[in-house]
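A closer look at the structure
Residues per chain, in single letters:
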Amino acid sequence: GQQVMQIPQYQHVQEGEDFTTYCNSSTTLSNIQWYKQRPGGHPVFLIQLVKSGEVKKQKRLTFQFGEAKKNSSLHITATQTTDVGTYFCAGPNKRANNLFFGTGTRLTVIP
Amino acid sequence: NAGVTQTPKFQVLKTGQSMTLQCAQDMNHNSMYWYRQDPGMGLRLIYYSASEGTTDKGEVPNGYNVSRLNKREFSLRLESAAPSQTSVYFCASGGLAANTGELFFGEGSRLTVL
């Protein structure tokens, strides 16, 4: 069945360091979405990528969608304590009636 | 706008008891979803409803039932709770289909089954 894997599972960084999480799908995706979940909170949508090779930026966050549309990455430049949380990628199944979530990367930022 | 509202936020059940989680959205979305979140396993879809009057199974539907009462409300029922159903449950709503737009999540319902 369709699987969406993320690495690493956990990441501890010093404040100011960069952070990257990688997402890999077992199947080609029509699009990929990224969500952030703060500790004790609920997932909040960050962005959706649709085109092969697409790169989008949101301030210090850079999102990429692979050429083959099977992988994606989220890069945070100069992390801040407000970046703490778990980052999930998610991709739709072929029937487009479900969004498969990756296992998430939990980011801890040490002040 | 409240967005997606779930109740209750916390619940403790004994094995075999039943309960219903309520969810309502005020964004006029067609699609609504119930996910469960367990440590190290991300979010897994239990049931979804693509439109009022329709429901379909997701990845992990066993032990659950759902009702799409109207366009706004989508409830999740545990008929006979089991310890394996201890989890955090999230209701979500979205546009026409999951692949065309973001999902909006409720704040979650933390369920413990003893």
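We now turn to the structure provided with this report. Position numbers for residues start from 1 in each chain and track the written sequence from start to end. A letter from A marks each chain and a number from 1 marks each ligand, given out in the order of writing. Local features in this predicted model are restricted to residues of pLDDT 70 or higher, and side-chain atom pairs are both shown and tallied only at a pLDDT of 80 or more, whereas totals for entire chains, interfaces and linings draw on every residue. Hydrogens are left out, water is left out, and the side-chain values use all remaining heavy atoms of the structure.

The next thing to look at is the overall build of chain B. Every helix listed is a DSSP run of H or I at least four residues long, and every strand listed is a run of E at least two residues long, numbered separately from the N terminus. On a plain count of helices and strands, chain B comes out with 0 helices and 11 strands. By the compact-globule yardstick of 13 Å for 114 residues, chain B fits well, its C-alpha radius of gyration being 13 Å. Between two residues, a contact is recorded if the distance between any of their heavy atoms is within 4.5 Å. Across chain B, every contact between residues at least 6 apart in sequence was considered, and the portion connecting residues at least 24 apart equals 55%. Residue burial considers only the protein chains on display, and all accessible areas are found by Shrake-Rupley using a 1.4 Å probe. For chain B, the accessible surface area stands at approximately 5,200 Å², while carbon and sulfur atoms represent 49% of it. Positive charges come from Lys and Arg, negative ones from Asp and Glu, while His and the chain ends are left out of the count. Every charge is mapped onto a representative atom, which is NZ of Lys, CZ of Arg, CG of Asp or CD of Glu. If you average the places of the 10 positive and of the 9 negative side-chain charges in chain B, the two averages end up 6 Å apart. Restricting the calculation to C-alpha atoms gives the radius of gyration, and the globule rule supplies 2.2 Å times the number of residues raised to the power 0.38.

A separate point is the overall build of chain A. Each helix and strand counted, chain A has 0 helices and 11 strands in total. Its helices and strands in sequence order give chain A the pattern β-β-β-β-β-β-β-β-β-β-β, from N to C terminus. Whereas a compact globule of 111 residues would reach a radius of gyration of roughly 13 Å, chain A reaches 13 Å, a difference of no more than 12%. With respect to the principal axes defined by its C-alpha atoms, chain A has extents near 45 × 30 × 20 Å.

A word on the nonpolar core. One finds Ile32, Trp34 and Phe63 of chain A to be the most contacted residues of the largest nonpolar core, which totals 20 residues. Elements that contribute at least two residues to this core include exactly strand 3 (19–25), strand 4 (32–37), strand 5 (43–49), strand 7 (61–65), strand 8 (71–76), strand 9 (85–92) and strand 11 (105–110) of chain A. Only buried residues count toward a nonpolar core, which is a set of Ala, Val, Leu, Ile, Met, Phe, Trp, Tyr and Cys residues joined through side-chain atoms within 4.5 Å. Classification of residues uses two cut-offs on accessible area relative to the type maximum, computed with a 1.4 Å probe and protein chains only: under 20% is buried, over 50% is exposed, and between them is partly exposed.

For the rest of this paragraph, the subject is the sheet that holds strand 1 (residues 4–7) of chain B. Residues and elements named next belong to chain B. Between any two strands, at least two bridges found by DSSP are needed for them to pair. Strand order in the open sheet formed by 4 strands is 1-3-8-7, and the pairing between neighbours is antiparallel. The two strands at the open ends of the sheet, each matched to only one other strand, are strand 1 and strand 7 (64–68). Here the average twist between neighbouring strands, direction ignored, is 15°. Here the axes come from fitting lines to C-alpha atoms, over the contacting stretch only for helices, and the angles between their N-to-C directions go from 0 to 180 degrees.

The next subject is the interface of chain A and chain B. Contact residues are listed per partner, giving 22 residues for chain A and 20 residues for chain B. In this description, buried area is defined as the sum, over both parts, of the accessible area (probe of 1.4 Å) that is lost when the two are combined. A buried area of about 1,700 Å², summed over both sides, lies between chain A and chain B, and 55% of it is on carbon and sulfur atoms. By salt bridge we mean one thing: a side-chain nitrogen of Lys or Arg within 4 Å of a carboxyl oxygen of Asp or Glu. Linking chain A with chain B are 0 salt bridges, by the criterion used here. Counting of polar contacts relies on pairs of N or O atoms within 3.5 Å, with two restrictions inside protein: one atom must be capable of donating a hydrogen and the other of accepting it, and residues adjacent in sequence are counted only when both atoms are side-chain atoms. For the pair chain A and chain B, the interface holds 3 residue pairs in polar contact (both at pLDDT 80 or more). Among the secondary structure elements, those contributing two or more residues to the side of chain A that touches chain B are strand 4, strand 5, strand 9 and strand 10 (99–101) of chain A.

This part is about the packing of aromatic side chains. The relation between two aromatic rings is expressed through the spacing of the ring centres and the mutual angle of the planes. Ring geometry is summarised as follows: Phe, Tyr and Trp rings, the Trp one being its six-membered ring, pair when their centres sit within 6.5 Å, and such pairs are stacked at plane angles under 30 degrees, edge-to-face over 60 and tilted between the two. Under the definition given, this model contains 13 aromatic pairs over all chains. Seen from their ring centres, Tyr35 of chain A and Phe105 of chain B are 5.9 Å apart, and the 90° between their planes marks the pair as edge-to-face. With Tyr35 of chain A in strand 4 and Phe105 of chain B in strand 10 (residues 104–105), this residue pair bridges two chains. Residue Tyr35 of chain A is classed as buried on the basis of its relative accessible area of 0%.

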